[in-house]
Amino acid sequence: MNGAETDRNLPTELWDAIFGVVRVELKDKKATLFACSLVSRSWHQMTLRHRFRTLSLNAGPHDYSWRRSHHIEDFLALELFPQVQNYVRSLTLSFPSIAPTFAHLVNNFPFVERLNLNGYITEPADFSVEYPAIIPPIAELSVSAVHCDSEPELMSLCDILRQFTSLDGLHLDCCFPIDEPSEHGWKTVPLPQVRSLALKGAAAQHPVPAIVARLAGNLPLQRLELACTARSNLRGA
């Protein structure tokens, strides 16, 4: 039975549900969905929303290689991009540079809900520069694998957060000094209030109450997840 015959035998909604099961249940879902996309033109169109629901891209210099990810600028230039940009719900950017171009890159995916930032943040923070707002309704932001062992990197983290108006969930798995931060940035820059906060790795090695008070503001946290936290850092929690 070829793709054209099966298309006539089942409604589009049912095929969409079947491809959804493939995306969720199969371990080799990417390879399977790609193989399905080659069956017919209609299958190609129907599988796009499932193939690109989760997307990982390299956002650093072109000479950086991260798990064979496409570079985001190359991906945006693809003829296929206008067909799939609205399907992306989870976006991972590796080696992102936090600069005025950051929001422009993220805004190319208007319906992304989860944003993961992996890799080194190297751009120095400049709070005098007004960045464009990030438009997609991002509910969850994850920042991981970032080496932040000096105050400028903490300021870079603030540079990320200040571009969001609100975040339901924030996951920090990185190292940054929070004990005696500068008045310029951590204590003064407007940051989004979060409802769910996860501190993992070295991020949990600093006083938790200070982090919660800064990021939760006047809103009560609905969820707090801690990993590798020293008991002394929980004082006052």
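For the structure, check the block above.
Summarised in this report is the structure supplied together with it. Just so we're clear, the structure is a prediction, and the values are computed from it rather than from any experiment. (Residues numbered from 1 in each chain as written. Predicted model: local features only at pLDDT ≥ 70, side-chain atom pairs only at ≥ 80, totals over all residues. Heavy atoms only, no water.)

Quick notes on the packing of helix α3 (residues 29-37) against helix α4 (residues 41-51)
It is the contact of α3 with α4, at a shortest axis distance of 8 Å, that shows an interaxial angle of 160°. As far as their axial angle goes, α4 and α3 are roughly antiparallel. For α3 against α4, the interelement crossing comes out left-handed. Residues L33, F34, C36 and S37 of α3 pack against W43, H44, T47, H50 and R51 of α4. (Axes fitted to C-alpha atoms, helices over the stretch in contact; angles between N-to-C directions. Helix = DSSP H or I, 4+ residues; strand = E, 2+ residues; numbered from the N terminus. Parallel < 35°, antiparallel > 145°, perpendicular 65-115°, else oblique. Left-handed = near helix turned anticlockwise from the far one by under 90°. Contact = heavy atoms within 4.5 Å.)

Structural notes on the nonpolar core
Within soluble globular proteins, side chains that are nonpolar tend to cluster in buried spots. If you look at the biggest cluster of nonpolar residues, it comprises 41 residues, and the most contacted ones within it are L91, L93, F109, L115, L141, L170 and L215. Ranked by residues supplied to this core, first place goes to helix α8 (residues 151-161) with 5 residues. Look past the residues within four positions of L91 in its chain and what remains in contact with it is L55, L57, F109, V112, R114, L115 and N116. In this structure, V22, L33, C36 and M46 belong to the second largest nonpolar core, which totals 7 residues. (Core = buried A, V, L, I, M, F, W, Y, C linked by side-chain atoms within 4.5 Å. Buried < 20%, exposed > 50% of the residue type's maximum accessible area, 1.4 Å probe, protein only.)

Some details on the packing of aromatic side chains
One pass over the full model with this rule turns up 6 aromatic pairs. Judged by centre distance (4.9 Å) and plane angle (55°), the rings of W15 and W43 are tilted. With W15 in helix α2 (residues 12-25) and W43 in helix α4, this residue pair connects regions lying 28 residues apart in the sequence. The buried category is assigned to W15, whose relative accessible area is 9%. For W43, a relative accessible area of 11% translates into the label buried. Ring centres 5.7 Å apart and planes at 85° place the aromatic pair F81 and F109 in the edge-to-face group. Within this pair, whereas F81 is found in helix α6 (residues 81-84), its partner F109 is found in the loop between α7 (100-106) and β4 (114-118), the two being separated by 28 residues in sequence. Neither F81 nor F109 differs from the other in exposure class; each is buried. (Phe/Tyr/Trp six-rings, centres within 6.5 Å; stacked < 30°, edge-to-face > 60°.)

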